[in-house]
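Here are the chains, one letter per residue:
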Amino acid sequence: MIQLETKHHPAAWMRASNLDVKQWTVPFTTGECEQIVAVARALAAERRPTDDIEQQMFAGASGTLHQTLLRAADDVLSGRGFVLFRGFPLAALTHTEAAYGYAAVGRYFGRLVAQNPQGDVIGKVMDYAKDWKADSTVRGYQTSMHMDFHSDSCDCVGLLCINPAKSGGLSAIVSSVAIYNHMRAHSPELLQVLCEPFSYDRRGEERAGVLPYYETALFHEHDGQMFNRYCREYIESAQRFAAVPRLTPQQVAAMDEFDRLCHSDEFIVHMDFRRGDIQFLNNHVVLHSRTAFQDHAEPERRRLLWRLYLNHRSDAQRPACYASRFSDPQRWALGALGEQGARQPAATSP
């Protein structure tokens with residue numbers, strides 16, 4: 001079990017402490033939107049390569065945006081682990097300009113990494129009428145189905161709402177640190193199981209010579225910091241490989257209790273995305289989920305989120321076993337930002 005003291009961890013929050021949405025919602029001001037528009041148009045005009053987008057694009061400009069983003073990034077990366085921006089100026093930007101503006105904002109939370117072997121910089125989270133329970137190459141974000149709590153293969157994940165759903169599609173988050181603390185006090189024998197390795201399915205994204213699964217525990221302590229990696233669906237689908245050890249009754253019981261706590265009113269926080277909202281999450285201390293949704297009939301109104309994968313850590317700053325999966329996005333070549341919204345990305349890991 002982790003020896004790190006996590007009782008007073010800044011991300012060890014409960015639902016009751018986040019009832020006031022103003023605590024974690026940051027509306028962009030009119031002046032900040034103007035700054036985003038100006039930078040987005042300039043980047044799009046020169047077709048700036050993704051790797052050349054500076055980490056702090058707004059540092060030299062007058063106005064409040066630079067400090068707003070610095071404070072939010074510190075809260076996400078070192079504090080409570082999440083933030084919701086409101087009012088990103090989509091209406092003032094073309095498709096390509098919006099992609100660049102989103103990337104410029106995202107760079108404050110880390111460097112952009114590809115989301116799949118095709119090198120997509122921005123992933124499209126929308127319903128492609130697929131079933132991820134039946135097809136091992138499909139990801140949950142490509143469906144309208146409920147998605148269980150999970151973390152992504154990056155330090156920080158961003159979601160920009162282009163179109164909300166007709167109904168449903170609520171984002172849900174929980175503090176994995178708070179759940180760890182609860183289990184440590186109430187079910188330490190099950191928590192110990194979660195601190196031991198589980199096998200995860202790569203879902204067809206393995207490179208040549210690499211096993212189609214990898215191993216990691218749900219909870220880690222590394223260099224005095226807390227880390228969580230979880231996706232039950234990929235743990236269960238890894239059972240299709242004969243070489244993967246069968247899940248034990250203790251492992252199933254531990255995941256059942258963990259999932260029960262994730263969905264309890266004591267821990268869960270919901271967000272109803274509006275057009276122009278951007279959510280940033282720290283994948284190491286916050287898990288996210290989504291309720292099932294009903295879409296609009298018109299294609300142009302269908303629920304659509306743009307996703308960013310962002311890394312601010314080196315391999316040495318994460319648990320050693322993370323390298324088996326986290327190194328993949330760093331090896332995949334980055335595609336052109338302006339193309340991302342125009343094409344359907346290939347499958348990526350949750």
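Computed from a predicted structure; not experimentally measured. (Residues numbered from 1 in each chain as written. Predicted model: local features only at pLDDT ≥ 70, side-chain atom pairs only at ≥ 80, totals over all residues. Heavy atoms only, no water.)

K.L.:
Go over the nonpolar core, please, and point to the residues and values.
P.N.:
With 53 residues, the main nonpolar core has Leu194, Tyr200, Phe219 and Phe258 as its most contacted residues. Apart from residues lying up to four places away in sequence, phenylalanine 219 is in contact with Ile2, Ser176, Tyr180, Leu191, Leu194, Cys195, Met226, Phe227, Asn228 and Phe258. Counting 45 residues, the second-largest nonpolar core is a separate cluster that includes Ala44, Ala73, Leu160 and Leu337. (Core = buried A, V, L, I, M, F, W, Y, C linked by side-chain atoms within 4.5 Å. Buried < 20%, exposed > 50% of the residue type's maximum accessible area, 1.4 Å probe, protein only. Contact = heavy atoms within 4.5 Å.)

K.L.:
Explain the pattern of salt bridges residue by residue, including any values.
P.N.:
In this structure the tally under the stated criterion is 11 salt bridges. A salt bridge links glutamate 46 to arginine 48; its shortest N-O distance comes to 2.5 Å. Overall, glutamate 46 belongs to the partly exposed group, its relative accessible area being 46%. What makes arginine 48 buried here is its relative accessible area of 15%. (Salt bridge = Lys/Arg side-chain N within 4 Å of Asp/Glu carboxyl O.)

K.L.:
Tell me about the side chain of serine 171, and please be specific about residues and values.
P.N.:
Structurally, serine 171 can be placed in strand S8 (residues 171-175). We classify serine 171 as buried; its relative accessible area is 4%. Only 2.9 Å separates the side chain of serine 171 from the side chain of glutamine 279, close enough to count as a polar contact. In contact with serine 171, not counting residues within four places along its chain, are Val269, His270, Met271, Phe273, Gln279 and Ser289. (Helix = DSSP H or I, 4+ residues; strand = E, 2+ residues; numbered from the N terminus. Polar contact = N/O pair within 3.5 Å; in protein donor to acceptor, adjacent residues only side chain to side chain.)

K.L.:
Pulling in residues and values, what's your account of helix H1 (residues 30-46)?
P.N.:
The periodicity of an α-helix, 3.6 residues per turn, causes residues three or four positions apart to be oriented the same way. For H1, spanning 17 residues, the distance from its first C-alpha to its last is 25 Å, which sits close to the expected 24 Å at 1.5 Å a residue. Of the positions making up H1, those classed as buried are Glu32, Cys33, Gln35, Ile36, Val37, Val39, Ala40, Leu43 and Ala44. On its buried face, H1 is in contact with strand S1 (25-27), helix H2 (65-78) and helix H3 (95-106). Arginine 47 sits one or two residues past H1 and shows a positive phi near 50°. (Expected span 1.5 Å × (residues − 1).)

K.L.:
Any details on the packing of helix H4 (residues 176-186) against helix H7 (residues 249-262)? Residues and values, ideally.
P.N.:
Between two packed helices, both the angle of their axes relative to each other and the distance between the axes serve to describe the pair. Two elements in contact, H4 and H7, have axes whose closest approach is 10 Å; the angle formed by their N-to-C orientations is 125°. Compared by their axis directions, H4 and H7 come out oblique. As H4 runs across H7, the sense of the crossing is right-handed. Contacts from Ile179, His182 and Met183 in H4 reach Ala254, Glu257, Phe258, Leu261 and Cys262 in H7. Across the contact of H4 with H7, the residue classes tally to six nonpolar, one polar and one charged. (Axes fitted to C-alpha atoms, helices over the stretch in contact; angles between N-to-C directions. Parallel < 35°, antiparallel > 145°, perpendicular 65-115°, else oblique. Left-handed = near helix turned anticlockwise from the far one by under 90°. Nonpolar A, V, L, I, M, F, W, Y, C, P; charged D, E, K, R; others polar.)

K.L.:
An account of the confidence of the model for the protein chain is needed here, citing residue identities and associated values.
P.N.:
Predicted confidence across the protein chain gives a mean pLDDT of 89, with 89% of residues reaching 70 or more. Predicted confidence is poor over residues 340-350, with pLDDT under 50, and the contacts of this stretch with residues over four places away or in other chains come to 59 contacts. (pLDDT = per-residue confidence, 0-100.)

K.L.:
So what's going on with the sheet that holds strand S5 (residues 147-150)? Which residues, and what values?
P.N.:
In spatial order, the strands read S5-S15-S8-S13; together these four strands make up an open sheet with antiparallel pairing. The open sheet is flanked by S5 and strand S13 (269-271), the only strands paired with a single partner. Pairs of neighbouring strands in the sheet enclose a mean axial angle of 20°, with direction left out of account. Two elements, S5 and strand S15 (residues 286-290), share two bridges in a ladder whose sense is antiparallel. Within the sheet, the bridge partner assigned to histidine 150 lies in S15 and is histidine 288. (Pairing = 2+ DSSP bridges.)

K.L.:
So what's going on with the pairing of strand S11 (residues 219-222)? Which residues, and what values?
P.N.:
Note: S11 against strand S12 (residues 225-228), four bridges, orientation antiparallel. By the bridge assignment for S12, histidine 222 is matched with glutamine 225. Hairpin connection between S11 and S12: a loop of two residues separates the two successive antiparallel strands, and aspartate 223 in this loop has a positive phi of roughly 50°.

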